[in-house]
Amino acid sequence: MEIIHQQFPEYTQIHTDASKNTNGIGFSVITNQENHLFQLLFSTSIYTAETYAIYEALKIVLSSNPKNCSIIISDSERPQVSCGSPHTSGFPETRKLTL
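Residues numbered from 1 in each chain as written. Predicted model: local features only at pLDDT ≥ 70, side-chain atom pairs only at ≥ 80, totals over all residues. Heavy atoms only, no water.

By size, the foremost hydrophobic cluster in this structure holds 8 residues: Ile14, Ala18, Ile25, Phe27, Val29, Ala49, Ala53 and Ala57. Of all elements in the fold, only strand E1 (12–21), strand E2 (24–30) and helix H2 (46–63) reach the threshold of two or more residues within this core. Beyond its immediate sequence surroundings of up to four residues, Ile14 is in contact with Val29, Ile30, Thr31, Ala57, Ile60, Val61, Ser70, Ile71, Ile72 and Ile73. (Core = buried A, V, L, I, M, F, W, Y, C linked by side-chain atoms within 4.5 Å. Buried < 20%, exposed > 50% of the residue type's maximum accessible area, 1.4 Å probe, protein only. Helix = DSSP H or I, 4+ residues; strand = E, 2+ residues; numbered from the N terminus. Contact = heavy atoms within 4.5 Å.)

Aromatic ring pairs are reported here in terms of the distance separating the ring centres and the angle at which the planes meet. Here the structure, examined in full by the defined rule, presents 2 aromatic pairs. Aromatic side chains Phe8 and Tyr11 sit 5.0 Å apart centroid to centroid with 55° between the ring planes, which places their arrangement in the tilted category. Here Tyr11 falls in the partly exposed class, since its relative accessible area comes to 32%. Aromatic side chains Phe27 and Phe38 sit 4.5 Å apart centroid to centroid with 15° between the ring planes, which places their arrangement in the stacked category. Highlighted residues: Phe27 in strand E2 and Phe38 in strand E3 (residues 35–40), separated in sequence by 11 residues. Lying over the aromatic face of Phe42, Lys20 brings its terminal NZ or CZ to 5.2 Å of the ring centre. (Phe/Tyr/Trp six-rings, centres within 6.5 Å; stacked < 30°, edge-to-face > 60°. Lys NZ or Arg CZ within 6 Å of the ring centre and 35° of its normal.)

Bridge count between E1 and strand E4 (residues 70–74): 5 bridges; the pairing is parallel. When the sheet's bridge partners are listed, Thr12 is paired in E4 with Ser70. Of the pairings in the sheet, the one linking E1 to E2 comprises 7 bridges and is antiparallel in character. Along E2, the bridge assignment pairs Ala18 with Phe27. Hairpin connection between E1 and E2: a loop of 2 residues separates the two successive antiparallel strands. (Pairing = 2+ DSSP bridges.)

Encoded structure:
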């Protein structure tokens, strides 16, 4: 994280993470000021939870001051790769992200 802070010192860092265990599934979006927690249906996949976390992070970026720069930090590669792929028709969550 220190490298990111050194390379982007004036950017707002937004961290995303999702988790699934025997108690349920959910995700969080953490900014410098707030921690947003979301709970999803137990049948939701971890991929979908990670995708929704990135989607919520994007909503925060879009609703923030346009003069502020943000960087979204996620440990999930699959939603990021899918967002850049023209072949996302099988993943409605990713289609929602690209709208």
